[in-house]
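Chain residues, written in single-letter form:
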Amino acid sequence: MLKKIFTFICFCLVVNAAQGQNYRIYGKVTSKEDNENIPGAVVFIQSQNIQAQVNANGEYEITLPKGTYVVECYAFERKRLKQKITLKNQDVKLDFSLPTLGETLKEVKVKAQRNTYAGVGRLMAVDGFGIYEAKKNELIVLDDFAANKANNNARQIFAKVPGLNIWESDCAGLQLDIAARGLGPSRTANFNTRQNGYDMSADALGYPESYYTPPMQAVERIEIVRGAASLQYGTQFGGMLNFKLKDAPEDKKIEFNSEQTVGSFGLINTFNSVGGTLGKVSYYGYYQYKEGNCWRPNSNFNSHTAFTKVAYKPNEKFNVSLEYTYLYYRTRQAGGLTDDDVSKGNFEISKRGRNWFKVNWNLFAVNMDYKFSDMSKINIRNFALFSQRDALGNLEKIDRLDNPNENRTLIRDVFRNFGSEVRFLQSYNLFGQRSTLLLGSRFYSGLTDRKQGDANNSDRPDFYHLNPDNLENFNYDFPSLNYSFFAENIFNLTKNFSITPGIRFENIQTFSQGTFKQTIRDLAGNIVVENDFEEDKAVTRSFALLGIGASYYFENEMNLYANFSQNYRSITFSDLRLSNPNFLLDSLITDEKGFNMDFGFRGTHQHWLNFDISAFYLRYNDRIGVILPPSTTLLFRTNVGDSRHYGVETFVEVDILGLLKGKNTPMNLILFSNFSWIDAQYISSKDNAIRGKKVEYVPEIMWRSGLNFSYKNFKATYQFSYLGEQFSDATNSVFNPSAVTGLIPSYYVMDLSFTYTYKFMRFAAGVNNLTDARYFTRRAASYPGPGIIPATARSFYLTVGVKL
């Protein structure tokens, strides 16, 4: 296989060399105010799916065949400029002088366009080493809007991404729980989660949950690609979520940034970063410490997060970098509530005083880029994870008292994973247009070691088993292997219309090796069945996934897009080996299959409108979920049935002042609305009582709206969020005495944030849950419950920072 790939790459290089004459568009990008270089600015030609990043000397270069092109240039906090040029028989020099957003452009030949995105935009058709043409996607730029980034407030950060259901499970933003289109939000397991383009979840095959979320103060942008990402980023239904961290400044030898935050419930957050470029070597690193008490009894946390990156770039063709991420946090969990507690307004109580959770994360990456020519480049990314998570406490139903004399349960997962991806990008001329081919391969080896047994009966964070050699529940290894090959190609048939077919070949091998004890209790808690088992299983699957997209660009920067992509989710043996008094597990669970479809219309209009309006259809066969069988309070996890999800996702953003005044102003007042309507039902099931039921955790209506205001160095954001009611299990039960299933009522919540920059200082403040609403977003069958997990009450924060 590797020999064939190498032969194909060589063939592409030969073909590229043999193509017709190309010419250069080159020049410099400088600041209009002081004529200084702007390294990191981007020059791109959208119709040709090509871009170039400006180097430390302010220079860029793009190679193209003869033709007429619209060249655009943008940089952070500067106006976006464009100019039409014609390549005939010689190179063309084109310089850009970018003014700040508050300046009025006086040049005649270059047309200015306000950056109306206010924190949200879209990925290029070819961005880095990925193809995103005709795919539903969002790009969140963190520095463009005000939000509580010290606390990773997901409700604010993802405010402009339609269709996301967000669980609010802790007061510190330690874990991210989001999902789209009716998929489960638990630890974002239905997205392929990445940092700087490589995996960061616990085990992509065996346990694809994300216990690590980078501090938003360290994140430059967040890239989201919906279900059509399955061809490039794994087979999952939800898509891909990538956190692109900030990088070293190219024009400084050293830059230091420090932000100190205090807030409600004892919040203390200190974030410090340093970076710079010394010749051919660049470096960047940060350290964050965070602690707090949360707003309920028996709940507190402390967290340490660190990151370092060193890159070596001897020339414009080659770049290699080494990265290391460290996370340690420990949190005390107050447990869940019952429906009776909620109906009485007792959101602030705690029924568990002995529950703890701990995470130790070590993530390594080596990334290499090589540019053969302006038409060909290759990326090799290797990554490894050596991590552990420990959950300690009482998992018994929340309507039962926590007996302080009973031993607690300790669940320990140790993860040892390694992966490697190779991506080769080849551009070529076809029908007088630039087309692009992406070839890629992936190898992944995972190992999850899971142990569950008794721990002591204290209320301290004593993370050790009492009988490590004879565990009361189970001792398992879950090895896994994955080989895949994928290809996508943008065929630009005209300057306006393109199609993008793709294919992915998968070989997945999962193993289950270990011993477990099965214990079944009656409603009174008495043991009625207890058996010991030893298991050694192996399952291998090989299959192909297909997809295709189409896109049409109008002359006025608007775009019609459509796509179809198949999806697949293999069962995770680790899900089937958990001794939980709230669960029964089906040993005959099978893999899940289905597909995603999108059809949308998006773009910008003049300087005041930005929008993306789309419809989707998701088919999910053999969906794994939980049901509440008759005459029991225990949940049964099984293949519930086939579900179909369809709906409308809309995002509209209007610059009110730009619309009224019809020109660029130093003041922006942007109104945004993010609305989604989703209908998700089970259309077939072995259980007739399930057919026609609503899919769990799917609010029919989700609406987030707000205002972004900016004037010079001041920014403010007001946000309103509303989610309709939703069920938490496939039987659509409304009430359960243990509170692990039941209705989640509709709710609304508001947030307000401000930032102000003065010279080298930055100030931020805000209020989350402005009206002090009492609501909840999830019912947990395990940690951090079990039971109803209330969202955080009204809280305040204040940040002071310096950048030197």
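Residues numbered from 1 in each chain as written. Predicted model: local features only at pLDDT ≥ 70, side-chain atom pairs only at ≥ 80, totals over all residues. Heavy atoms only, no water.

### Re the overall build of the protein
Rules: Numbering of helices and strands runs from the N terminus, with a helix taken as a DSSP run of H or I at least four residues long and a strand as a DSSP run of E at least two residues long. Radius of gyration here is computed from C-alpha atoms only, and the compact-globule reference equals 2.2 Å multiplied by the residue count raised to the power 0.38. Whether two residues are in contact is decided by their heavy atoms, any of which lying within 4.5 Å being enough. With residues, only the protein chains shown are counted as cover, and all accessible areas are computed by Shrake-Rupley using a 1.4 Å probe.
A count of helical and extended segments in the protein gives five helices and 46 strands. The C-alpha atoms of the protein give 27 Å as radius of gyration, which agrees with the globular expectation for 804 residues (28 Å, within 12%). C-alpha atoms of the protein, sized along the principal axes, occupy 85 × 55 × 50 Å. In the protein, 68% of the contacts between residues at least 6 apart in sequence involve partners at least 24 apart. With an accessible surface of roughly 31,000 Å², the protein has 57% of that area assigned to carbon and sulfur atoms.

### Description of a negative patch on the surface
Under the convention used in this document: Only residues whose relative accessible area exceeds 30% and that take part in no salt bridge are eligible for patches, with like-charged residues grouped when within 9 Å of each other and nonpolar side chains (Val, Leu, Ile, Met, Phe, Trp, Tyr) grouped when within 5 Å. Every case where a carboxyl oxygen of Asp or Glu lies within 4 Å of a side-chain nitrogen of Lys or Arg is listed as a salt bridge. Neither His nor the chain termini are counted; the positive set is Lys and Arg, and the negative set is Asp and Glu. The atoms used to mark charge sites are NZ of Lys, CZ of Arg, CG of Asp and CD of Glu.
On the surface, Asp34, Glu36, Glu250 and Asp251 cluster together into a negatively charged patch. Looking at the secondary structure, you find Asp34 in the loop between β1 (23-31) and β2 (42-45).

### Comments concerning the pattern of salt bridges
Applying the stated criterion across every chain yields a total of 44 salt bridges. Of the charged contacts, one joins Arg381 and Glu421 as a salt bridge, the two residues approaching to 3.9 Å between their closest N and O atoms. In this pair, Arg381 sits in strand β26 (residues 376-393) while Glu421 sits in strand β27 (residues 408-430), placing the two residues 40 residues apart along the sequence. The partner of Asp413 in a salt bridge is Arg389, and the shortest N-O contact between them spans 3.0 Å. Within this pair, whereas Asp413 is found in strand β27, its partner Arg389 is found in strand β26, the two being separated by 24 residues in sequence. One network of salt bridges, in which partners are shared, links Arg194, Asp199, Arg381, Glu421, Arg423 and Arg442.

### Focus on the state of the cysteines
Keep this limit in mind: When two cysteine sulfur atoms lie within 2.5 Å, the pair is treated as a disulfide. The rule is simple: take the accessible area with a 1.4 Å probe, protein chains only, and divide by the maximum for that residue type; under 20% is buried, over 50% is exposed, in between is partly exposed.
Tallied over the entire structure, the rule returns one disulfide. One disulfide bridge connects Cys171 with Cys294, the sulfur atoms lying 1.9 Å from each other. Across the S-S bond of Cys171 and Cys294 the torsion is about -65°, and the bridge reads as left-handed. Of this pair, Cys171 sits in the loop between β14 (164-166) and β15 (178-180) while Cys294 sits in the loop between β22 (281-292) and β23 (300-312), placing them 123 residues apart in sequence. For the residue pair Cys171 and Cys294, the accessibility class agrees, reading buried in each case.

### Observations regarding the packing of aromatic side chains
Rules: Two rings belonging to Phe, Tyr or Trp (six-membered ring only in the last case) form a pair when the distance between their centres is within 6.5 Å. Interplanar angles under 30 degrees mark stacking, angles over 60 mark edge-to-face geometry, and anything in between is tilted. We count a charge as sitting over a ring when the NZ of a lysine or the CZ of an arginine lies within 6 Å of the ring centre and within 35 degrees of the ring normal.
Taken as a whole and judged by the stated rule, the model has 33 aromatic pairs. Here Tyr207 and Tyr211 contribute two aromatic rings whose centre-to-centre distance is 6.0 Å and whose plane-to-plane angle is 25°, an arrangement assigned as stacked. Seen from their ring centres, Tyr211 and Phe357 are 5.8 Å apart, and the 25° between their planes marks the pair as stacked. Of this pair, Tyr211 sits in the loop between β17 (198-199) and β18 (219-225) while Phe357 sits in strand β25 (residues 355-371); the two residues are 146 residues apart in sequence, bridging distant segments of the chain. A single burial state applies to Tyr211 and to Phe357, both of which are buried. What links up through ring pairs into an aromatic cluster is the set Tyr207, Tyr211, Phe357, Trp361 and Phe415. In this structure, Lys377 is placed above the aromatic ring of Phe129, and the distance from its NZ or CZ to the ring centre is 4.8 Å.

### Quick notes on the side chain of Arg296
To be explicit about the condition: Side-chain atoms alone can form a polar contact between residues adjacent in sequence; in general such a contact is a pair of N or O atoms within 3.5 Å, and within protein one must be able to donate a hydrogen while the other accepts it.
Inspection of the secondary structure assignment puts Arg296 in the loop between β22 and β23. Side-chain polar atoms of Arg296 contact the backbone oxygen of Gly335, separated by 3.0 Å. At 2.8 Å, the side chain of Arg296 forms a polar contact with the backbone oxygen of Ile349. If near-sequence neighbours (up to four positions away) are discounted, Arg296 is found in contact with Ala334, Gly335, Gly336, Leu337, Phe347, Glu348, Ile349, Ser350 and Pro790.

### Concerning the pairing of β18
Where we set the bar: Criterion used throughout: strands pair if DSSP finds at least two bridges between them.
Burial within β18 is extensive, with six of its seven residues counted as buried. Of the pairings in the sheet, the one linking strand β13 (residues 137-141) to β18 comprises five bridges and is antiparallel in character. Bridging from a neighbouring strand, Leu139 pairs with Glu223 of β18.

### Comments concerning the nonpolar core
This is how the line gets drawn: Nonpolar cores were defined as sets of buried Ala, Val, Leu, Ile, Met, Phe, Trp, Tyr and Cys residues, with membership established by side-chain atoms within 4.5 Å.
Membership of the largest hydrophobic core comes to 60 residues, with the highest contact counts inside it found for Phe158, Ile222, Leu241 and Trp361. A total of five residues in this core trace back to one element, the largest contributor, which is β25. Excluding anything up to four places from it in sequence, Leu241 contacts Phe158, Leu176, Ile178, Thr188, Phe191, Asn192, Thr193, Arg194, Ile222, Glu223 and Ile224. Residues Val29, Ile45, Ile50 and Tyr69 belong to the second largest nonpolar core, which totals 24 residues.

### Some thoughts on unusual backbone geometry
A cis amide bond links Tyr783 with the next residue in sequence, Pro784, at an omega value of 10°. Mapped onto the elements of the fold, Pro784 is located in the loop between β44 (776-780) and β45 (787-790). That bond from Gly785 to Pro786 is cis: its omega, 5°, falls within 30 degrees of zero. Position of Pro786 relative to the elements: it lies in the loop between β44 and β45. A positive phi angle is found at Arg181, which is not glycine, with a value near 60°. Looking at Arg181, the relative accessible area reads 3%, which means it is buried. A positive phi is found at Asn196, a non-glycine position, where the angle reads about 55°. Looking at where Asn196 falls in the secondary structure, it is placed in the loop between β16 (191-195) and β17. The exposure class of Asn196 is buried, given its relative accessible area of 16%.

### Let's talk about the sheet that holds strand β10 (residues 120-121)
Pairing is mixed in the open sheet, where six strands are placed in the order β10-β13-β18-β19-β16-β17. Here the strands that pair on one side only, and so sit at the sheet edges, are β10 and β17. Summarising the sheet, β18 and strand β19 (residues 239-245) pair through six bridges and their orientation is antiparallel. The residue of β19 that forms the bridge with Glu223 is Asn242.

### Description of the environment of Arg450
When you line up the elements, Arg450 lands in strand β28 (residues 433-455). Through-space distance from the C-alpha of Arg450 to that of Gly514 is 9.4 Å; in sequence the pair is 64 residues apart. Here the side chain of Arg450 touches Asp413 through a polar contact of 2.7 Å, side chain to side chain.

### Regarding the side chain of Ser728
Relative to the helices and strands, Ser728 is located in the loop between β40 (726-727) and β41 (743-744). Ser728 sits in the buried class, given a relative accessible area of 4%. Looking at Ser728, its side chain comes within polar contact range of the main-chain oxygen of Gly742, at 2.8 Å. Apart from the residues within four sequence positions on either side, Ser728 is in contact with Val626, Glu696, Tyr697, Val740, Thr741, Gly742 and Arg779.

### Re the environment of Gly238
With respect to the element layout, Gly238 can be found in the loop between α3 (230-233) and β19. The buried category is assigned to Gly238, whose relative accessible area is 6%. The sequence separation of Gly238 and Gly182 amounts to 56 residues, and the corresponding C-alpha distance is 9.3 Å. Ignoring any residue separated from it by four or fewer positions in sequence, one finds Gly238 in contact with Leu183, Asn190, Phe191, Val225, Arg226 and Gly227.

### Focus on the confidence of the model for the protein
Filter applied, for reference: pLDDT: the predictor's confidence for each residue, scored from 0 to 100.
With 91% of its residues at a pLDDT of 70 or more, the protein shows a mean pLDDT of 89. The model gives residues 13-20 a pLDDT under 50, and that stretch makes 11 contacts with residues more than four places away or in other chains.

### With respect to the environment of Asn713
With respect to the element layout, Asn713 can be found in the loop between β38 (701-711) and β39 (714-723). Sequence-wise, Asn713 and Arg762 are 49 residues apart; in three dimensions their C-alpha atoms are separated by 9.4 Å. With sequence-adjacent residues up to four places away left out, Asn713 is seen in contact with Thr755, Tyr756 and Thr757.

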